[in-house]
Amino acid sequence: MMNAHAHDNAFPCAGWGVTAVAELEAICRGEGCETAADEALGRHTSMGVGGPTPLMVWPRHPEAVARVLEWCTERGLAWRILGGGTNVLASDAGVAEPVINLTSLIDGADVHPPTALFPAGTPTAQALRASAHAGLAGLVWSTGLPGTIGGAVAGNAGCWGGQMADVVARLEVIDGAGKWQTLEADELAWSYRRLQLPARLGAASVIVAVAVNVRPEDPSKLTGRSFELQHRKRESQPVGARNAGCIFKNPDPEHAAGWLIDQAGCKGIGIGDAQISELHGNFLINRGGATYADVDALITRVKTAVREQSGITLEEEIRRW
Ligand SMILES: Cc1cc2nc3c(=O)[nH]c(=O)nc-3n(C[C@H](O)[C@H](O)[C@H](O)COP(=O)(O)OP(=O)(O)OC[C@H]3O[C@@H](n4cnc5c(N)ncnc54)[C@H](O)[C@@H]3O)c2cc1C
């Protein structure tokens with residue numbers, strides 16, 4: 001199965017053994033990357049759920065990403081990519097593949113209108129701050145969006161009437177074979193919470209930098225708008241609780257998933273430590289010790305209740321690992 005989405009799970013292939021993991025770890029260390037063996041994914045996802053990966057790698061520069069991808073591809077071995085982990089629901093058993101954690105890819109931002117280039121691991125909030133401080137509009141709609149800018153692009157994140165598809169000018173990508181590719185906006189196929197990269201890039205490509213279109217704007221206007229959106233987010237979403245954002249896609253503009261879940265009487269219901277937020281029906285929160293099994297069972301219960309009440313089948317927005 002060669003490529004569909006840059007953000008899809010690892011592609012099926014030969015298994016990872018102890019020797020291959022040790023070899024990759026040595027290569028990563030040689031590239032100056034931090035690594036951690038048997039690292040629990042729950043420590044790196046906002047939901048706080050998920051078992052171990054045999055190896056987590058934090059690349060400092062895109063060349064290290066390229067080296068890892070090339071090495072894995074030559075051996076037919078798969079990898080997974082993690083940004084801020086704010087849209088991932090990882091299984092209790094963990095994953096078989098090493099995880100490339102891009103939160104370390106943060107050096108080399110270059111804010112020069114009409115574009116601003118950010119390394120993929122840059123928190124989206126930091127990219128917004130940096131452009132707003134320079135008096136540049138483009139990312140204000142992303143106020144309150146957690147995670148990295150690479151993750152936001154991979155999932156075409158959107159809120160307050162904006163989405164990444166509307167602002168991306170160019171992407172720097174390491175393809176499935178470990179080769180550097182520059183993709184212009186017209187090569188990108190966007191849809192609701194999806195980005196499809198050209199098939200020629202192969203499976204599980206990694207976005208290493210994102211150039212967004214920016215334009216001069218009065219800094220006080222930008223700050224004012226951002227404050228307003230922050231306030232609205234705090235009022236309508238369980239901002240302090242552990243969660244992974246909206247669990248379900250909105251089926252259509254007339255039927256927001258949160259409203260459907262509310263109508264089906266699911267607000268506040270729980271299984272184990274997993275609970276549907278009282279504040280927003282499309283947010284599932286971890287009250288402390290929720291497991292993947294709890295979250296999975298609760299998602300199934302909500303889907304069933306909504307289908308029975310409205311006839312609509314909800315589709316998941318979160319990425320399951
Ligand atoms: C409180 C809260 C509020 C949220 N509000 C919103 C909202 O309003 N709108 C919205 O759209 N989302 C929202 N989300 C979901 C999430 O924050 C966004 O989707 C975010 O942009 C994901 O970025 P991330 O770095 O955390 O990605 P991750 O969760 O780390 O990854 C998501 C997917 O993208 C892939 N990926 C990550 N980085 C890369 C990369 N560089 N190259 C290729 N693939 C990559 C991963 O493999 C994974 O499949 C919210 C989440 C929370 C917790």
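The following paragraphs examine the structure supplied in this document. Throughout this document, residue positions are counted from 1 along each chain, in the order its sequence is written. The model is predicted, so local features are restricted to residues of pLDDT at least 70 and side-chain atom pairs to those at 80 or more, both for listing and for counting; the totals for chains, interfaces and linings are taken over all residues. Hydrogens and waters are ignored; side-chain quantities use all the structure's heavy atoms.

Exposure classes here rest on a 1.4 Å probe applied to the protein chains alone. A residue is buried below 20% of its type maximum, exposed above 50%, and partly exposed in between. Numbering of helices and strands runs from the N terminus, with a helix taken as a DSSP run of H or I at least four residues long and a strand as a DSSP run of E at least two residues long. Counting buried positions along strand 15 (residues 206-213) gives 7 out of 8 residues, so the element sits mostly inside the fold. Here, any two strands with at least 2 DSSP bridges between them count as paired. Pairing geometry for strand 7 (residues 115-119) and strand 15, over 5 bridges, is antiparallel. By the bridge assignment, Phe118 is partnered in strand 15 with Val210. As paired elements, strand 11 (residues 168-174) and strand 15 share 6 bridges and run antiparallel to each other. In the strand pairing of strand 15, Glu172 is matched with Ala209.

A word on the pairing of strand 2 (residues 52-58). Most of strand 2 is tucked away: 6 of the 7 residues are buried. Sheet topology places strand 1 (residues 34-40) next to strand 2; 6 bridges connect them, and they run antiparallel. Its bridge partner lying in strand 2, Ala36 is registered against Met56.

Here we take up helix 5 (residues 219-236). Given a helix with a known number of residues, its expected span is that number minus one, times 1.5 Å. Here helix 5 is 18 residues long and its end C-alpha atoms lie 26 Å apart, about the 26 Å a rise of 1.5 Å per residue gives. Every buried residue of helix 5 is accounted for by Leu222, Ser226, Leu229 and Lys233. In an axial view of helix 5, the angular spread of the buried residues amounts to 65°, which keeps them on one side of the axis. Of the exposed residues in helix 5, the ones pointing more than 90 degrees away from its buried face are Ser220, Lys221, Phe227, Arg234 and Glu235. Where helix 5 is buried, its residues touch helix 3 (124-133) and strand 8 (136-137). It is the directions from the helix axis to the C-beta atoms whose arc is reported. Contact between two residues is taken to exist if any of their heavy atoms lie within 4.5 Å; hydrogens are not considered.

A few words now on the packing of helix 1 (residues 18-30) against helix 2 (residues 62-74). In this analysis an axis means a line fitted to C-alpha atoms, helices contributing only their contacting stretch, and an angle means the value between N-to-C directions, from 0 to 180 degrees. The interhelical angle for the contact between helix 1 and helix 2, taken along N-to-C directions, is 155°, at an axis separation of 10 Å. Considering the angle they form, helix 1 stands roughly antiparallel to helix 2. Note on packing geometry: the crossing formed by helix 1 with helix 2 is right-handed. Here Ala20, Glu23, Leu24, Ile27 and Cys28 of helix 1 lie close against helix 2, whose contacting residues are Arg67, Val68 and Trp71. Polar here means any residue other than Ala, Val, Leu, Ile, Met, Phe, Trp, Tyr, Cys and Pro, which are nonpolar, and Asp, Glu, Lys and Arg, which are charged; Gly is therefore polar. In terms of residue class, the contact of helix 1 with helix 2 is built from 6 nonpolar, no polar and 2 charged. With respect to orientation, any angle under 35 degrees is reported as roughly parallel, any angle over 145 as roughly antiparallel, any angle of 65 to 115 as roughly perpendicular, and every other angle as oblique. Should the near helix be turned counterclockwise from the far one by less than a right angle, the crossing is left-handed, whereas a clockwise turn marks it as right-handed.

Before going further, it helps to spend a moment on the sheet that holds strand 20 (residues 283-286). Read from one edge of the open sheet, 4 strands run 17-20-19-18, paired in antiparallel fashion. Each of the sheet's edge strands pairs with one partner strand only, and the pair in question is strand 17 (242-246) and strand 18 (270-271).

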